[in-house]
Each structure stands twice: as C-alpha cells, then as structure tokens.
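# Coordinates in review
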2 protein chains.
Amino acid sequence: MRRGGVLPEVELAYETWGEARGDNHVVIFTGLSPSAHAASSTRDPDPGWWENMVGPGKPIDSDVFHVICFNSLGSCFGSTGAASFNPETGRRWGVDFPTLSIEDIAQATHEALRELGITQLHAIVGPSMGGMTALAYCLMFPGTVRHLVSISSALAAEPHAIALRSLQRELIRSDPAWKGGRYAFEEQPVAGMRLARKLGMTTYRSAQEWRERFGRARIQPDPGESLPGDPAFPLRFEVEGYLQSRADRFVGAFDANCYQYLSQAMDLFDAAEHGVDAERGHPGLALESALVIGVETDALFPVHQQEALAGVLRKSGAKTEFERLPSLQGHDAFLVDMERFVPVIGGFMKKLAK
Amino acid sequence: MRRGGVLPEVELAYETWGEARGDNHVVIFTGLSPSAHAASSTRDPDPGWWENMVGPGKPIDSDVFHVICFNSLGSCFGSTGAASFNPETGRRWGVDFPTLSIEDIAQATHEALRELGITQLHAIVGPSMGGMTALAYCLMFPGTVRHLVSISSALAAEPHAIALRSLQRELIRSDPAWKGGRYAFEEQPVAGMRLARKLGMTTYRSAQEWRERFGRARIQPDPGESLPGDPAFPLRFEVEGYLQSRADRFVGAFDANCYQYLSQAMDLFDAAEHGVDAERGHPGLALESALVIGVETDALFPVHQQEALAGVLRKSGAKTEFERLPSLQGHDAFLVDMERFVPVIGGFMKKLAK
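Here's what I pulled together on the structure shown here. Computed from a prediction, not measured in an experiment: that's the story for all the values here.

### Topic: the interface of chain A and chain B
- Facing the 53 residues of chain A at the interface are 53 residues of chain B.
- Summed over both sides, the interface between chain A and chain B buries roughly 4,200 Å², with carbon and sulfur atoms accounting for 63% of that surface.
- Along the contact surface separating chain A from chain B lie 8 salt bridges.
- As a salt-bridge pair, Lys198 of chain B and Glu170 of chain A come within 2.7 Å of each other at their nearest N and O atoms.
- Viewed at the interface, chain B and chain A are joined by 24 residue pairs in polar contact (both at pLDDT 80 or more).
- Secondary structure elements with two or more residues in the side of chain A that touches chain B: helix 3 (159–173), helix 4 (190–204), helix 5 (207–213), helix 6 (238–250) and helix 7 (256–268) of chain A.
- The biggest single contributor to the side of chain A that touches chain B is helix 3 of chain A, with 11 residues.

Here it is, written out as structure tokens:
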C-alpha cells in the first residue's frame, strides 16, 4: 500500500457491459459510495447508479465499448476493504486495515485488469472520487490509457472539502456504537452514519436546488400527530425531513470503517505528488484527449478545480474539452441531471467510437 | 411567548457605552452566541466581541450615541433562557423552556428599554441573527426606530441554512451526555457541542478564505509525537487542527439547550409573517433610512438575501444603502474584516450623528 502496510490478498468486484473487441475497453471508477453495478444487465436487471449513462445505445455505449466498472478497493460491495476478513487473523480488518490511498485503488484495478488480460484502455471515466482515481491511474500507468473523462473532480481536495469530510468521519467515530472501530459488522454505528450522511447531503446538493425544491415548506404531520423528531426541537421543515429520509436510506448500506478509509483517501490525494504542476502540466501523461466536466453549483469540488484540471491536461498535451454546466444539483448533478450530462458525455464518447 | 408558553419573569443583561442625550439611543442586537459585552468599558476593560466597532471615536461612536447591547432573551450570559431557573419549579428550565422566537427577543428587549425609560431609538444595529431581531423590532414597533443597520442577515432563512443549523442541533442531541436535554448544567454535552461548533465554523467562514489561509498545509507533530486524533483517522491537515481549537474554545462557554433554542429561532423567523412582501415591501415599516451589508463569500446568509432585504426596505419607504462587500471571511466577516466594515458602518453612523 502506498502509505505502508500490505494486503496479503485482494479481491475486486466488477461488472461488465458489452463485448471486448480489440482495444475497446472503457473503465468506470466510482465515487465514494457506489458499487460496481453502474447499470442493469441481463445478469442483474436492477437499475444501476448510472443507469441512464451505461448500456446499449447509452452515452457510454455497450454496443460499441466493453465497459467495466469496479467496486473500489477499500469499499464493501465485494471488493477487499476494512469490512473484509484479514486472512492472517480470520477476523475483519476493521481499523487494522492499512491507510488507503486513491493510488492503491488505481493500482489494484490495474492488476485486476491485467488478470483479465487487459493492458490498454480506450478510455477511463470517473466522477468525483472516481475522477481522482482515474487521474491517478493515468499518472501511474502512462501510455496505457488513451482518453479520460473526469467529472466533478479535482487535482487535490481543498481545505473546506477536507474539513467537511473530516467532520463526517468524526461524526461516525463519535457514535459510541463505533467502539473505537471494533464494532461487530452486524452492529454498525448507524446513528453516526446517519449524521455523516446528512452532512454529506448538505455538501452533495446545492443551496440553489434546495431553495427551489423546498423553500420554507413545512412538514405537515397527519391529523392528531406531532412533528417528527425531538419534542422541543422537532423536524419542522421539509428539507429536514428530506435529509432524514436520505440518511435512513444510507445506513445499513455501507460499512462505517470502509466509509472512513475511502473518505480519508480523498483528502490525501494530491496530483502534485505525481509531479503534476499547475503551470506546466505533466509532460509524461501521454493522454490523447480528455473531457473535463464541472458544475457551477458544486460547493464540494468547485468548478474552478475542474477548470484547473482541464488546464493541466491541456498543458500535458491532451486535446482537452472543458464543460462548465449550470446544473442545480451541485456535486451530485452527474447522478441526477441527465438532461445536461447525457449529451456532453455521449457526444465525447461518440467521437471516441470512430 | 409568540409560539405559546409564558415566562413568569424575565431578566435581560445589557451593557451601555456613552451617555443618553435626548434621543441618541443606538441598540445593538447580537448574533447567536455573543454576550452583551460588545466592547470594553471602564466597568469591564476586557475586549468585547465588536471591540473595533463600538466605543469613543469608533464607528458606533459612544462620544455621540448612547449605545446599548443586550444579551438576547434565550441566551445564557445573564439573560433569561433555558439555563435559567424557572421560578415556579426552582429548577433550570432546560427543554421545558417555551419555544423561542426572534420576535420574543425583540419583545423582551422592547420591554426592557421601556423599563429604562427609552421608547424611541435613533438606530438599531444587528448582524446575523441580530439583523433578524432588529428587523422584527422595526416590524413589531413601527415608528419607534428611525434608522436600521442590518448586516449579513435576511428576511428568512433558506433551506440550506436551515438544514445546516438543524444538523448542528442534532449533533448536540446525539451526544449521550445531552440526556434528552436534562443534563446537569455543570455537565454539558461537550462532545456534541464541539461537533456542532465545528460544523458551524464550516458555515461561518468561506472556502475561499481557507484556501488562502490553510491550503493543504499539514499538521507537523513534534518529533517523536504522532498526529492528533484517532490513530487510523488522525487530524492531518491544518484546517482540521484549526476546527479542533475553535471547537475547544467554544465548549464550556455556552449552554447546549440555549444554543438549540436560539438556533431554532433563526430557522423559524420569517418577515413574511409580519406582512412583508418581497415585491411591495411593507408600507407600515416607518424607517427613515437603512444600511444593509452583505458579503459575497457568505454561504450561510448569501448576499442575494441582503439584496432582497435592501429591496424590501427601499420599497417600504426607507432611504436604503446596500453594500456588497468582497470580504473573504464569509458570514463571520463583520467580526473580522474591520478594514472593510469600519468605513461602511462608520460612514453611515456619521451621517446619523448630524
């Protein structure tokens, strides 16, 4: 592992769409929390987290490309992470898992691809944390990737984003059920996870979206019922109810320690450690082309960060397009605002198909 | 109380600067957490929370004005609030304190001023929550105030700000030491207060300020020492250490229940309940003039809210100046960026002195 420690064995879960034909491989790196199930397929017909983006005739077209999405190293949807069993102890890793870096995710994926006989990638697509992993991959394995699509990501996190993620991690650890990280897997610190998710939601969406969507609308309890939450300080506004329901949906779906390792990895990542210079770029990057997308309402990865990334890629010799989208949904827009994202990503991928 | 319940007796703590000469009274309403000690005086030489703004020769000039700052009803620095003793039970109010509204703070202050023989105010100055209280006062007692200075405030909170304050309150209540609000006063839920303060700081300051101030600078532990915080997820970045020190400074200085009542009051306030209309203003407001200040980097009370407030005051017949300041310090700028705030407030107050 980049920051010390060894994983004696690693499994990575992945899904694929389309067929391999020569060098038509497109790898998708995910954000912090999704699984490898980006889209439905015959083997798993449930809708995926990027259902409108991946599949036959979709922007990342499985009629054209062999699309592979990995569950990140360190996550808990089939890939090795803190919730996995350490073969040397027979117990789950928990907080004995080594410090995870974005580069470790890229490295593990590279080795998994090699196992699959894939050494050259036509394109990598990565939103959010996945954009960091995609960039790390290009920097660590130059010449093995031709095209990059980076969405709502950055060369490195800024201190405001670090502060917000650091606080999310602390909210989980402040739950007594976290037990210093040694909770039983079946007894997750759900109260802390719920709070962390609520804070996360305030950073993933935008003030503008919530102004239009919720305004100051109040929760209307059923007749005879009182407002939900604490009697003295109840949930009164619809935005509070929304956060509550989003938090409820999240807990039980993610391991608390895995969340912390992945969150910390985002803070630690810095393209400068790979010799990327904001002024001069990186002459060894060897990308043919890149599409960089940013969203004007993104408070977590503000759009000037994508602009800076696009500048670096351009100076590194990649033919780079930069799209600045006015989506309302902030950092989450790539999951929601299909009207804007589908044509931009679809248009770029179509050019790569030729 | 506006939303039900009765306080059988009320005390309000206040401090004054300068001497009453006719109708030269200037009242300062505070933000959520300050005391009445806005500035030093012969009776209390400690620097106040607005030391550079209040005093002889200062922008709010005590050589000219009789300046009065109240500790808000509901707070815990001498005024009646949840930490006060309920005379009917002999115990602290705690969560049995009635729901607090911004209007209750204005009402209590109005009655305190009447006790002091003051019925006409030359001006009211209010930053943040204090701006809401100042506006409520003008709306509830029209014709008793001539001039208003409203800083980084709003006609009503927006859902993003509500979400962030709601979460801060929940962080306090999630601390087992909160005990359903029935903690002993000497045993505050300090862990929850610390987390709430950290979250507060991410909303009071700006991403831009932290980018320039901290960047990605790392905490450098002393030789032989490890990083502070959790072994697996330590505090690594200076911005995390800054939040920690600000949180440590806050706890012990504020009662947890008082914090929740005041925070909730900010969410509840809505000038529309007093007949204020964004398009038409409020014909009964009867203010002669107003200064409204907003800060471009304020994410909690975004500057378009001050612009809207200025528009309403103008339509209500007040000669209104709107100042949009490019301060880096976000919502807290009025406490920090004296270079910009002193001339703007000083200039307006000088005109009132004539």
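### Brief notes about unusual backbone geometry
All names here are of chain A.
- For Lys179, which is not a glycine, the phi torsion comes out positive at approximately 55°.
- The topology assignment puts Lys179 in the loop between helix 3 and helix 4.
- Not every positive phi belongs to a glycine, and Ala286 is a case in point at roughly 60°.
- Here Ala286 is to be found in the loop between helix 7 and strand 8 (289–295).
- Among the residues examined, Ala286 registers a relative accessible area of 42% and is labelled partly exposed.

### Concerning the pattern of salt bridges
- Tallying each qualifying case throughout the model produces 42 salt bridges over all chains.
- Residue Glu186 of chain B pairs with Arg92 of chain B through a salt bridge whose shortest N-O separation is 3.8 Å. Remark: Arg92 of chain B occurs in the loop between strand 5 (66–70) and helix 1 (102–115) and Glu186 of chain B occurs in the loop between helix 3 (159–174) and helix 4 (190–204); sequence separation between them is 94 residues.
- Where Arg205 of chain B meets Glu209 of chain B, a salt bridge forms, and the shortest distance between an N and an O atom there is 2.9 Å. Considered together, Arg205 of chain B and Glu209 of chain B belong to a single accessibility category, that of buried residues.
- The network of salt bridges with shared partners includes Arg2, Arg3, Glu103 and Glu273 of chain A.

### So, the packing of helix 3 of chain A against helix 4 of chain A
Residues and elements named next belong to chain A.
- In the contact formed by helix 3 and helix 4, the axes pass within 7 Å of each other and the chain directions differ by 165°. On the basis of their axis angle, the class for helix 3 and helix 4 is roughly antiparallel. Considering how the two elements wind past one another, helix 3 and helix 4 form a crossing that is right-handed. Of the residues in helix 4, those in contact with Leu164, Leu167, Gln168, Leu171 and Ile172 of helix 3 are Gly192, Met193, Leu195, Ala196, Leu199, Gly200, Thr203 and Tyr204.
- Here the residues of the contact of helix 3 with helix 4 sort into 9 nonpolar, 4 polar and no charged.

### With respect to the sheet that holds strand 2 (residues 25–28) of chain B
All names here are of chain B.
- Pairing is mixed in the open sheet, where 7 strands are placed in the order 1-5-2-6-7-8-9. Edge positions in the sheet fall to strand 1 (14–17) and strand 9 (319–325), since each has one partner strand and no second. Pairwise comparison of adjacent strand axes, ignoring direction, gives a mean angle of 15° for this sheet.
- Across the face of the sheet, helix 1 comes into contact with strand 2, strand 5 and strand 6 (121–127) while running at roughly 135° to strand 5.
- Those strands touched by helix 2 (residues 129–140) are strand 6 and strand 7 (145–151), and its axis lies near 145° from that of strand 6.

### A word on the relation of the copies chain A and chain B
- Placing chain A over chain B gives an RMSD of 0.0 Å and needs a rotation angle of 180°, together with 0.0 Å of translation along the axis. Both copies of the chain, as the preceding transformation shows, are related through a two-fold rotation axis.
- Both copies present the same face, since 100% of the interface residues in chain A are matched by interface residues at the equivalent positions in chain B.

### A look at the packing of aromatic side chains
- Taken as a whole and judged by the stated rule, the model has 30 aromatic pairs over all chains.
- With a centroid separation of 6.0 Å and an interplanar angle of 45°, the aromatic rings of Phe29 of chain A and Tyr137 of chain A are classed as tilted. Separated by 108 residues along the polypeptide, Phe29 of chain A in the loop between strand 2 (25–28) and strand 3 (54–55) and Tyr137 of chain A in helix 2 (residues 129–140) bring together distant segments of the chain.
- Consider the rings of Trp210 of chain B and Tyr242 of chain B, whose centres lie 5.8 Å apart with planes at 80°: the pair is edge-to-face. Of the two residues, Trp210 of chain B sits in helix 5 (residues 207–213) while Tyr242 of chain B sits in helix 6 (residues 238–250), which places them 32 residues apart along the sequence.

### As for the pairing of strand 6 of chain B
All names here are of chain B.
- The buried fraction of strand 6 is high, at 7 of 7 residues.
- Bridge count for strand 2 against strand 6 is 3 bridges, and the pairing is parallel. For Val26, the partnering residue across the bridge sits in strand 6 and is Ala123.
- Sheet topology places strand 6 next to strand 7; 6 bridges connect them, and they run parallel. Looking across to strand 7, one finds that Gly126 is bridged to Ser150.

### A look at the nonpolar core
- Grouped together as the largest cluster of nonpolar side chains are 158 residues, with contacts concentrated most on Ile124, Tyr137 and Leu313 of chain A together with Ile124, Tyr137 and Leu313 of chain B.
- Look past the residues within four positions of Ile124 of chain B in its chain and what remains in contact with it is Val27, Phe29, Ala134, Tyr137, Cys138, Val145, His147, Leu148 and Val149 of chain B.

Thresholds applied
Residues numbered from 1 in each chain as written. Chains lettered and ligands numbered in written order. Predicted model: local features only at pLDDT ≥ 70, side-chain atom pairs only at ≥ 80, totals over all residues. Heavy atoms only, no water. Contact = heavy atoms within 4.5 Å. Buried area = accessible area lost by both parts, 1.4 Å probe. Salt bridge = Lys/Arg side-chain N within 4 Å of Asp/Glu carboxyl O. Polar contact = N/O pair within 3.5 Å; in protein donor to acceptor, adjacent residues only side chain to side chain. Helix = DSSP H or I, 4+ residues; strand = E, 2+ residues; numbered from the N terminus. Buried < 20%, exposed > 50% of the residue type's maximum accessible area, 1.4 Å probe, protein only. Axes fitted to C-alpha atoms, helices over the stretch in contact; angles between N-to-C directions. Parallel < 35°, antiparallel > 145°, perpendicular 65-115°, else oblique. Left-handed = near helix turned anticlockwise from the far one by under 90°. Nonpolar A, V, L, I, M, F, W, Y, C, P; charged D, E, K, R; others polar. Pairing = 2+ DSSP bridges. Least-squares fit on C-alpha atoms with pLDDT ≥ 70 in both. Phe/Tyr/Trp six-rings, centres within 6.5 Å; stacked < 30°, edge-to-face > 60°. Core = buried A, V, L, I, M, F, W, Y, C linked by side-chain atoms within 4.5 Å.

Remember that the coordinates give geometry; whether it matters functionally is a separate question.
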